[in-house]
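# Analysis of the macromolecular model
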Amino acid sequence: MMRICLVGVGLAGGAAQAQTQTQETAAACAGYGEDVQVMLEADGALRGRQDYLAAPEDGGQARRGAQLALVERSNAMRLETLLARCGWPLRSVHGAKAGEAAWQLVRHSLALQQAAAPHLERAVAAGEADGRVLAQLLDRIALAKGEPQRYGTQMRQLDGCRWTPQPMDDRARVEERRRTLGLPGLEEQERQANVMVIHEGCENQVAMPPLQANK
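Fair warning: this is a prediction, and the values are worked out from it, not measured in the lab.

So, how was this worked out
Residues numbered from 1 in each chain as written. Predicted model: local features only at pLDDT ≥ 70, side-chain atom pairs only at ≥ 80, totals over all residues. Heavy atoms only, no water. Disulfide = S-S within 2.5 Å. Helix = DSSP H or I, 4+ residues; strand = E, 2+ residues; numbered from the N terminus. Buried < 20%, exposed > 50% of the residue type's maximum accessible area, 1.4 Å probe, protein only. Polar contact = N/O pair within 3.5 Å; in protein donor to acceptor, adjacent residues only side chain to side chain. Axes fitted to C-alpha atoms, helices over the stretch in contact; angles between N-to-C directions. Left-handed = near helix turned anticlockwise from the far one by under 90°. Contact = heavy atoms within 4.5 Å. Nonpolar A, V, L, I, M, F, W, Y, C, P; charged D, E, K, R; others polar. Salt bridge = Lys/Arg side-chain N within 4 Å of Asp/Glu carboxyl O.

For the structure on display, the rule yields 1 disulfide. Across the disulfide from C29 sits C86; the S-S distance is 1.9 Å. Linking C29 and C86, the disulfide has an S-S dihedral of approximately -90° and is accordingly described as left-handed. In this pair, C29 sits in helix 1 (residues 2-29) while C86 sits in helix 3 (residues 59-86), placing the two residues 57 residues apart along the sequence.

Once that is clear, we can look at the environment of H94. Within the fold, H94 resides in helix 4 (residues 91-94). Exposure remark for H94: the relative accessible area of 16% places this residue in the buried category. H94 sits 60 residues away from E34 along the chain, and the two C-alpha atoms are 8.1 Å apart. Polar contacts involving the side chain of H94 include one to the main-chain carbonyl oxygen of C29, which spans 3.5 Å.

So, on to the packing of helix 6 (residues 110-125) against helix 7 (residues 131-144). Where helix 6 contacts helix 7, the two axes come as close as 10 Å, and the packing angle between them is 145°. Two packed elements cross with a definite hand, and for helix 6 against helix 7 that hand is left-handed. Here L110, Q113, Q114, A116, A117, L120, E121 and V124 of helix 6 lie close against helix 7, whose contacting residues are G131, V133, L134, L137, L138, R140, I141 and A144. Split into classes, the residues belonging to the contact of helix 6 with helix 7 amount to 11 nonpolar, 3 polar and 2 charged.

Once that is clear, we can look at helix 5 (residues 96-106). Buried residues of helix 5: A98, G99, A101, A102, W103, L105 and V106, and no others. Residues of helix 5 that are buried in the fold lie against helix 2 (32-47), helix 3, helix 4, helix 6 and helix 7.

Across all of its chains, the model carries 9 salt bridges by this definition. Where R78 meets D35, a salt bridge forms, and the shortest distance between an N and an O atom there is 2.8 Å. Of this pair, R78 sits in helix 3 while D35 is found in helix 2, placing the two residues 43 residues apart along the sequence. Judged by relative accessible area, R78 falls into the partly exposed class, the value being 35%. Of the residues examined, D35 reaches a relative accessible area of 26% and is grouped as partly exposed. Of the charged contacts in the structure, one is a salt bridge between R162 and E190, with a shortest N-O distance of 3.3 Å. With R162 in strand 2 (residues 162-165) and E190 in helix 9 (residues 186-196), the pair connects residues that are 28 residues apart, well separated along the chain. The exposure classification of R162 matches that of E190, with both residues buried. Several salt bridges converge on common partners, so that one network encompasses D43, R47 and E72.

Below you can see the structure in the form of structure tokens.
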């Protein structure tokens, strides 16, 4: 009887500890949405002050660059901690703007992109994040690692006119993955990209037939 009672006490203690940890995590993640937006604002404020045409010896530009690098490191450390503790920002909990802010922040670092990917995948599967963002994130990681894209979201320009996806997996499989995430087909993506960017001497770029993707 004593043994059974002790086991029961142990189970109760474990449940109480788990509940306490859950409450602590919820409290730590309560301001997640506001945190990522503040981080993005700080990043944008300094990035907007950069003069990318400044001479290398420009001291003011060097200081601004150092400030931006410091903010980027601070944001990366904070966001990595939040991702590990809270996962990807959820639409229903943190708001849609939080997910967009997180996406803008992770784009600056391959390490952050890789850390964020599994969390974003789970959020998308639960209907709590944008599938378009997941497709772009996974494609950026793939290209950085020298691998073909799985969704064909990253584009390149040919001959100064035509925009087409960078190297990607089998086109039929890419199209199926895009449908799964609710993305338009590759042909429509190319059409939209080429309508948005018009250059002199490229008047017929939209009328050109789709280029064959890498197999």
